[in-house]
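Residue-level listing of the chains:
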Amino acid sequence: QVQLVETGGGLVQAGGSLRLSCAASGRTFLRYAMGWFRQAPGKELEFVAAISWTGGTTNYADSVKGRFTISRDNAKNTVYLQMNSLKPEDTAGYYCAADTGSYYRGSSYASTSGHEYDYWGQGTQVTVSS
């Protein structure tokens, strides 16, 4: 069983920055690829970023490339999402997720599909004002 708790959301003006954190329980965190997804009201869940369990591979949605950075600290069982140059269209609930099967798929595996992730946090709200 894996528990994920996101923190760091809030209200920020356009052009500002936020850093989201996702703390994970469990001793095998370092074997999980981790992802960030978001969902705006009335819209489907959208992939944002993912990082392999080694940290050596990262994937980003085109809409956030160059603005967002995903990273992880395996010693702290935490994954981060640094969000810079925020735009009103980034407003959404942000969810972190763990892919516990990723270890067996290779050290560079970092899925962009929500279907690959089997544990999810409760989410943290990010609101960007114009």
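Note that the structure is a prediction, hence the values are computed from the model and not measured.

A. Structural context of the overall build of the chain. Helices and strands together make up the secondary structure of the chain, namely zero helices and eleven strands. Ordered by position from the N terminus, the helices and strands of the chain form the series β-β-β-β-β-β-β-β-β-β-β. In terms of overall dimensions, the chain is globule-like: its C-alpha atoms have a radius of gyration of 14 Å, near the 14 Å expected for 130 residues. C-alpha atoms of the chain, sized along the principal axes, occupy 45 × 25 × 25 Å. Split into buried and exposed, the 130 residues of the chain put 43% on the buried side. Look at the contacts in the chain between residues 6 or more apart in sequence, and 61% of them connect residues 24 or more apart. Accessible area of the chain: about 6600 Å², with a carbon and sulfur share of 45%. Charge-centre separation for the chain: the mean point of 11 positive side chains lies 7 Å from the mean point of 10 negative side chains.

B. Summary view of unusual backbone geometry. The phi dihedral of Asn77 falls on the positive side, at around 50 degrees, and the residue is not glycine. Tracing the chain through its elements places Asn77 in the loop between strand S7 (68-73) and strand S8 (78-83). Positioned with a positive phi, Ser85 is a non-glycine residue whose angle comes to about 50 degrees. Locating Ser85 in the fold gives a position in the loop between S8 and strand S9 (92-99). Given a relative accessible area of 40%, Ser85 falls into the partly exposed group.

Rules used throughout
Residues numbered from 1 in each chain as written. Predicted model: local features only at pLDDT ≥ 70, side-chain atom pairs only at ≥ 80, totals over all residues. Heavy atoms only, no water. Helix = DSSP H or I, 4+ residues; strand = E, 2+ residues; numbered from the N terminus. Rg over C-alpha atoms; globule rule 2.2 N^0.38 Å. Buried < 20%, exposed > 50% of the residue type's maximum accessible area, 1.4 Å probe, protein only. Contact = heavy atoms within 4.5 Å. Areas by Shrake-Rupley, 256 points an atom, 1.4 Å probe, with all protein chains shown as cover. Lys, Arg positive; Asp, Glu negative; His and termini not counted. Charge placed at Lys NZ, Arg CZ, Asp CG, Glu CD.

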